[in-house]
Every structure is written in C-alpha cells, then in structure tokens.
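# Structural overview
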Amino acid sequence: MPAVTLPPRRLAVAPMLDWTDRHYRYFARHITRHTWLYTEMVTTGALIHGDIPRHLRFDPMESPIALQLGGSEPADLAHCAKLAENWGYDEVNLNVGCPSERVQRGAFGACLMNEAALVADCVKAMRDAVSIPVTVKHRIGVDQIEHYGFLAEFVDTVAAAGCTTFIVHARNAILKGLSPKENREIPPLKYDYVYRLKQERPELEILINGGVRTLEDIDTHLQHVDGVMIGREAYHNPYLMAAFDARYYGDDHPIPSREDILAAITPYIARELADGNRMNNLTRHILGLYQGQPGARRFRQLLSDSRRLAEKRVALLQEACPTAGAEAR
C-alpha cells in the first residue's frame, strides 16, 4: 500500500482540553479537509492505566490528526507514542506548554521548559519507538524568564534529540499566580521571538500559536513562519475554517455552506445518539457555527436547551438551523 501523503502543517487547530474531542474534530473536518487537528492532551497515566479506546478512538476522516501527550517519563511516553502509531495517528505531540496546577503536580507541561535535557530525552525515546513525527508544543518562557536566549537554548537542546517541528505559543507561562485562562490572556504575546527563531533556524519547522483570530492574522504570520495554530477562534467561530483549504492549500473544491456542514454531520450525530451518547456532548461543539449571522442566537438557544436535548431528536438540528436566506457567505 503506498504511503499516504499528508498536507503540510500550514494550519492546525490547537489541542484544547474538554473541547477538541473526537466529536469536535469530526465536525471541524467537514469544514476544512487539510488543516491538522490535535486531540485534547492525554496523559501517559490515562493510557497506561485507563481506557485506551476511550482516549484514542477517532474516525479515519479526522486525519491528518495528532495525539498530544502529557508526561515526563521517557519510557512511558515511548509506550504511549507507540499506541498512537498503532491506532493510526499521524503525529505525536508532547505538551510542554500547559500551566495548570494539576499538570504541574504531575511534573509535566510548561514546567518542563526548565528541563530541556529531560524533554530531549523524552523526544528521543518517542522517536526511537515510532516512525511517525514527534513534535513539541511549548511556550517562549516560564515565569520571569523572558529573554529570547532561554527559548533558543530550549529549542536547540530538543532539536539535538531529533525534533524538527516546534509549535510555539508566543507567551510566557506563569506557573504560580495565574489560572490557565489568565495564562492565555495576560502574559504579552511576543511574536517577534517566534519569527526570530525561524529566521535563525531555517532548517526547523516552526508553527506559531497564540491570539490568532482572523485570516489577516494568519496571512501575516505565514510571512515569517511555516505554519499557524489556531485555538479558541477555531472553536467559537468554526466557520472561519471554511476559507482555509482554498486560501492556504490551493484546494478549489466548493466551500461548504453552514447548512451543508450541518447536513453532513447529522448522520454522525444520529449514530452517536444510537450508541448511547448524550445530545449535549455532540451539539455543544457546533454552537458557534452561525456566529455573526442572522438566527445565530436562536440556533445556540435551541441546541443548548436541556429540555429539548433530552428528547434526543436529530431533527432538532434542522429546526434550529436559520433559513437558507439568512446565510451570509
């Protein structure tokens, strides 16, 4: 069987805990064919001691898809990377950016930026175990360490272990005193650090993350780096992604309307309901589909009404859908 050619990582949807589950990813794939999708962070402990199918199950159409792992034990990460490869993931990504206290207690996430040699060991162990790419997502610094040299030294140390793709959230991680939400908003964005990293290390693939909200933002970043990772905007305003394939991948297939997308995911929702899934687990990811459009408020209200959702009627999607005439393409 010939190897599948994957699209470049020009665009990616960030791993977001409780948000980028398989239901969201299936929905997103009906909006953009080529954008890379990343799972929620899955800890090594959850895979070693927990329900592997629950954490790793995905629909083949979600590809290109990357599994993001959280952990700091090289052997455990290598084991979990092999699981990811066996399950069909296209990439394994190591989380070196999450600042939550729970992650810190596990001695992984953003606190690993202070242990570049350990991150390098983790990367080497995973690369030795799998043939799929192993990448790292990280911040530009931690706490009061704000100089560019810290970022450059971290990347050089990890690159020496064979990592060639770095996804850089262009903010510091403040490990004490800020919540994860505040860590996404308060530390200043320093895009110039990421641009400089790419300029000085052209052999590395560098993606930028943080504060990306518009197509114009993406256009600007792509003048300096290899790819852009979009987080919350891709979740709250998912139809932004409808422009991605043509604009960034040269794919001239017709851009789906919002109604097309809703119709395409309806059979999936019906199957999931038949399997015993809750309606809210499925509809919560699509509430932003009509953001900024006539009828958006009613769409959100109907698809988050607990009484209506309890009825588990797939027809609710069409009932909530604004009229075709309200669609503003």
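See the structure above.
Residues numbered from 1 in each chain as written. Predicted model: local features only at pLDDT ≥ 70, side-chain atom pairs only at ≥ 80, totals over all residues. Heavy atoms only, no water.

### So, the overall build of the chain
- The helix and strand inventory of the chain stands at 17 helices and 9 strands.
- In terms of overall dimensions, the chain has C-alpha extents of about 55 × 50 × 45 Å along its principal axes.
- Within the span of the chain, comprising 329 residues, buried residues form 56% of the whole.
- For the chain, contacts bridging at least 24 residues in sequence account for 73% of all contacts bridging at least 6.
- Roughly 14200 Å² of accessible area belongs to the chain as shown, and the carbon and sulfur atoms make up 51% of that amount.
- Distance from the positive charge centre (38 side chains) to the negative charge centre (41 side chains) of the chain: 5 Å. (Helix = DSSP H or I, 4+ residues; strand = E, 2+ residues; numbered from the N terminus. Buried < 20%, exposed > 50% of the residue type's maximum accessible area, 1.4 Å probe, protein only. Contact = heavy atoms within 4.5 Å. Areas by Shrake-Rupley, 256 points an atom, 1.4 Å probe, with all protein chains shown as cover. Lys, Arg positive; Asp, Glu negative; His and termini not counted. Charge placed at Lys NZ, Arg CZ, Asp CG, Glu CD.)

### Things to note about the packing of aromatic side chains
- This model, assessed by the stated rule, comprises 8 aromatic pairs.
- Ring centres 3.9 Å apart and planes at 15° place the aromatic pair Tyr26 and Tyr268 in the stacked group. In this pair, Tyr26 is assigned in helix 1 (residues 22–29) and Tyr268 in helix 13 (residues 258–274), connecting sequence segments 242 residues apart.
- Residue Tyr26 is classed as buried on the basis of its relative accessible area of 9%.
- Among the residues examined, Tyr268 registers a relative accessible area of 6% and is labelled buried.
- By way of ring pairs, the aromatic residues Trp19, Tyr24, Phe27 and Tyr235 are connected into one cluster.
- Taking NZ or CZ as reference, Arg9 lies 4.8 Å from the ring centre of Trp36, over its face. (Phe/Tyr/Trp six-rings, centres within 6.5 Å; stacked < 30°, edge-to-face > 60°. Lys NZ or Arg CZ within 6 Å of the ring centre and 35° of its normal.)

### A look at the pattern of salt bridges
- Under the counting rule described, the total for this entry stands at 18 salt bridges.
- Lys181 is paired through a salt bridge with Glu185; the nearest N and O atoms lie 3.1 Å apart.
- Judged by relative accessible area, which is 46%, Lys181 ranks as partly exposed.
- With relative accessibility at 47%, the residue Glu185 sits in the partly exposed group.
- Among the charged side chains, a network of salt bridges with common partners joins Asp156, Arg196, Glu200 and Arg201. (Salt bridge = Lys/Arg side-chain N within 4 Å of Asp/Glu carboxyl O.)

### Here we look at the nonpolar core
- Ranked by internal contacts, the top residues of the largest apolar core, which has 109 residues, are Phe166, Ile218, Phe244 and Leu262.
- The element best represented in this core is helix 7 (residues 148–159), accounting for 7 residues.
- If we ignore the near neighbours within four places in the chain, the residues touching Ile218 are Leu11, Val212, Val228, Ile230, Phe244 and Tyr248. (Core = buried A, V, L, I, M, F, W, Y, C linked by side-chain atoms within 4.5 Å.)

### Focus: the side chain of Arg258
- Relative to the helices and strands, Arg258 resides in helix 13.
- For Arg258, a relative accessible area of 4% gives the class buried.
- Within the structure, the side chain of Arg258 is placed 2.9 Å from the backbone oxygen of Leu289, a separation counted as a polar contact. (Polar contact = N/O pair within 3.5 Å; in protein donor to acceptor, adjacent residues only side chain to side chain.)

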